[in-house]
Amino acid sequence: MIPEKMKSVVMTSPRAVELHEYAVPELTENGVLIQIKSAAICTIDQRPYAGVTKGFFPRVGGHEGAGVVIATGKNVVNTKVGDHVTVGRIHCGVCENCIKGRGHCLNAPDFGGPGGEKPSIEKPQNLFGSFSQYIVRNENEFFHIPETLNFSHAALAEPLSDVVHSIRRSRLALGETCVIIGAGIMGILHAQVARNIGARVIVSEVDAARRDRVAEFADYVVNPKETDPREFVKSLTGGRGSDVVFFAIAVSSMFEQAYSMLAETGRIMVYSNQHPDDPFGLRLGQIHRSEFEIIGTSGSLDLDFVNAVELMSFGKMNMEKVIHGEYPITKCKEAFDQSIVPGTYRVVIKMDEE
Ligand SMILES: [Zn+2]
Ligand SMILES: [Zn+2]
């Protein structure tokens, strides 16, 4: 049965979220109606809440979610009522970038921009993000998950898919050594996926609690305040350096250190978004001689999503390690406040629990 009304978690200004009631979105011919069970608070949602980036309020947002299919449109062929799904990225599937598998859909809606109608409480920005109890998605915008997979874990398919994308772009291979700078959520997920690939994993992290948290997924964990990670990596690799370095922190001044750990032909993956995004110097002659590659990575493709779901379904990931806690929808304010406390891992809102 499709209910008429639903609740949404609405950010009305920095540090303010409220529950508001809306009509359940109408099913489209090509869409399915999903009841969201778990929705995670990503950095993209945390930053306007913390007032770090400019947000357009009121807004709903949320793109990390998982739930159950409640109804299907008449053209839907591959999904039935009761299927468990995780929300994917919104993309058109027909523009040149989509067709060529590049991601970066040219027709993706800009949820962060000022374009279009001014948002209001009646029509908040991105109402049909995963912080609404019901959303409609086309079949190319969600992924099936097994019924045995926990919804809060499955909600993290999106950040995990970004990590799979990063690992894939790095071409990290069996027997290679990689260094992961930072053991935040993305650092821990990188360590787990790199381990699954059969690479040797070194993590550099200043915070003791984070070092403990990542330890079981790494071959070595280094405190860069006590041990120079450059020396450590050199000593492990016969002076060569690391094949791949994942730069998973938002501190651009650390990039130079990360870069200096690379072996010849090494790849450095620029994973984190930077605030502020300060420029820094590079020696082109060194890049030329060493055949270094500096590779940006952002977002993911469908295959990365499928692989992320598979990694979780096959029991290859410990998602509990990247979840701080779960909050019922009525405690959404506490959930958002906790999510911006430095050092917090993912906070999940249980969208159907009062
Ligand atoms: Zn996200
Ligand atoms: Zn597209």
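Residues numbered from 1 in each chain as written. Chains lettered and ligands numbered in written order. Predicted model: local features only at pLDDT ≥ 70, side-chain atom pairs only at ≥ 80, totals over all residues.

1. Description of the overall build of the protein
1) Next: Check the secondary structure of the protein and you find 11 helices and 15 strands.
2) Next: Here the C-alpha atoms of the protein give a radius of gyration of 21 Å, agreeing with the 20 Å that 2.2 N^0.38 yields for 354 residues.
3) Next: In terms of principal-axis extent, the alpha carbons of the protein reach across some 65 × 40 × 35 Å.
4) Next: Per-residue burial over the protein gives 43% buried out of 354 residues.
5) Next: For the protein, long-range pairs separated by at least 24 residues make up 68% of all intrachain contacts whose partners lie at least 6 apart in sequence. (Helix = DSSP H or I, 4+ residues; strand = E, 2+ residues; numbered from the N terminus. Rg over C-alpha atoms; globule rule 2.2 N^0.38 Å. Buried ≥ 20, exposed ≤ 12 C-beta atoms within 10 Å, placed from the backbone. Contact = placed C-beta atoms within 7 Å.)

2. Some remarks on the nonpolar core
1) Next: Judged by nonpolar contacts, the single largest core of 90 residues is most densely connected at Cys178, Val201, Val245, Phe246, Phe247 and Ile349.
2) Next: Residue assignment places this core across two domains, with domain 1 (5–155 + 318–350) and domain 2 (161–296) each supplying three or more.
3) Next: With residues up to four places along the chain from it excluded, the contact list for Phe247 reads Ile181, Phe255, Ala258, Ile268, Met269, Val270, Tyr271 and Ser272. (Core = buried A, V, L, I, M, F, W, Y, C linked by C-beta atoms within 7 Å. Domains from an automatic or database assignment.)

3. Comments concerning the domain arrangement of the protein
1) Next: According to the domain assignment, the protein consists of domain 1 (5–155 + 318–350) and domain 2 (161–296).
2) Next: Put simply, the middle of domain 1 and the middle of domain 2, counted by C-alpha atoms, are 30 Å apart.
3) Next: Facing 7 residues of domain 1, the contacting portion of domain 2 comprises 7 residues.
4) Next: Per-class residue counts for the side of domain 1 that touches domain 2 are 3 nonpolar, 2 polar and 2 charged. (Nonpolar A, V, L, I, M, F, W, Y, C, P; charged D, E, K, R; others polar.)

4. Here's the deal with the sheet that holds strand β12 (residues 262–270)
1) Next: Across the sheet, 6 strands lie side by side as β10-β9-β8-β11-β12-β13; this open sheet has parallel pairing. A single partner strand is all that each edge strand has here, and the edge strands are β10 (220–222) and β13 (293–296). On average, adjacent strands in this sheet sit at an angle of 20° to one another, irrespective of strand direction.
2) Next: Sheet topology places strand β8 (residues 177–181) next to strand β11 (residues 242–247); 4 bridges connect them, and they run parallel. Across the sheet, Ile181 pairs through a bridge with Phe247, a residue of β11.
3) Next: Packed onto the sheet, helix α5 (residues 185–197) meets β8, β9 (200–204) and β11 and runs at close to 165° relative to β9.
4) Next: Contacting β8, β9, β10 and β11, helix α7 (residues 229–236) runs over the sheet at an angle of about 165° to β8. (Pairing = 2+ DSSP bridges. Axes fitted to C-alpha atoms, helices over the stretch in contact; angles between N-to-C directions.)

5. Let's talk about unusual backbone geometry
1) Next: The linkage connecting Phe57 with the following residue, Pro58, adopts the cis geometry, with an omega of -10°.
2) Next: Within the secondary structure, Pro58 is located in the loop between α1 (43–50) and β4 (64–72).
3) Next: Phi at Asn126 takes a positive value of approximately 50°, unusual for a residue other than glycine.
4) Next: In this structure, Glu291 is a non-glycine residue whose phi angle is positive, near 55°.

6. A few points about the environment of Asn150
1) Next: Assignment of secondary structure puts Asn150 in the loop between β7 (142–144) and α3 (151–154).
2) Next: Sequence separation between Asn150 and Lys37 is 113 residues; the distance between their C-alpha atoms is 10.0 Å.

7. Brief notes about the environment of Phe280
1) Next: Along the chain, Phe280 turns up in the loop between β12 and α9 (284–290).
2) Next: The class of Phe280 is exposed, set by 9 C-beta atoms lying within 10 Å.
3) Next: C-alpha of Phe280 to C-alpha of Arg15: the two residues are 265 residues apart in sequence and 33 Å apart in space.
4) Next: For Phe280, the residues in contact, after removing those within four places along its chain, are Ser252, Phe255 and Glu256.

8. Side note on the packing of helix α4 (residues 157–170) against α5
1) Next: Running from N to C, α4 and α5 cross one another at 55°; their axes reach a closest spacing of 9 Å. Taken together, α4 and α5 sit at an angle that is classed as oblique. Viewed along their axes, α4 and α5 form a crossing whose handedness is right-handed. Mapping the contact onto sequence places Pro159, Leu160, Val163, Val164, Ser166 and Ile167 in α4 and Ile185, Met186, Leu189, His190, Val193, Ala194 and Ile197 in α5.
2) Next: A class-by-class count of the residues in the contact of α4 with α5 yields 11 nonpolar, 2 polar and no charged. (Parallel < 35°, antiparallel > 145°, perpendicular 65-115°, else oblique. Left-handed = near helix turned anticlockwise from the far one by under 90°.)

9. What to know about helix α11 (residues 332–339)
1) Next: Taken residue by residue, α11 has Cys332, Ala335, Phe336 and Ser339 as its buried positions. Angularly, the buried residues of α11 cover 95° about the axis, an arc narrow enough to put them on a single face.
2) Next: Buried-residue contacts for α11 involve β1 (5–13), β2 (16–23), α1, β14 (323–328) and β15 (346–350). (Arc of directions from axis to C-beta.)

10. Notes on the pairing of β15
1) Next: Burial within β15 is extensive, with 4 of its 5 residues counted as buried.
2) Next: As judged from the 3 bridges shared by strand β3 (residues 31–40) and β15, these two strands associate in the antiparallel manner. Looking at β15, one finds that Ser38 is bridged to Lys350.
3) Next: For β14 and β15, the ladder comprises 5 bridges, and the chain directions are parallel. Bridged to Gly325 within β15 is Val347.
4) Next: In this view, the connection linking β14 to its parallel neighbour β15 by way of α11 has right-handed handedness. (Right-handed = clockwise from strand over helix to strand, strands pointing away.)

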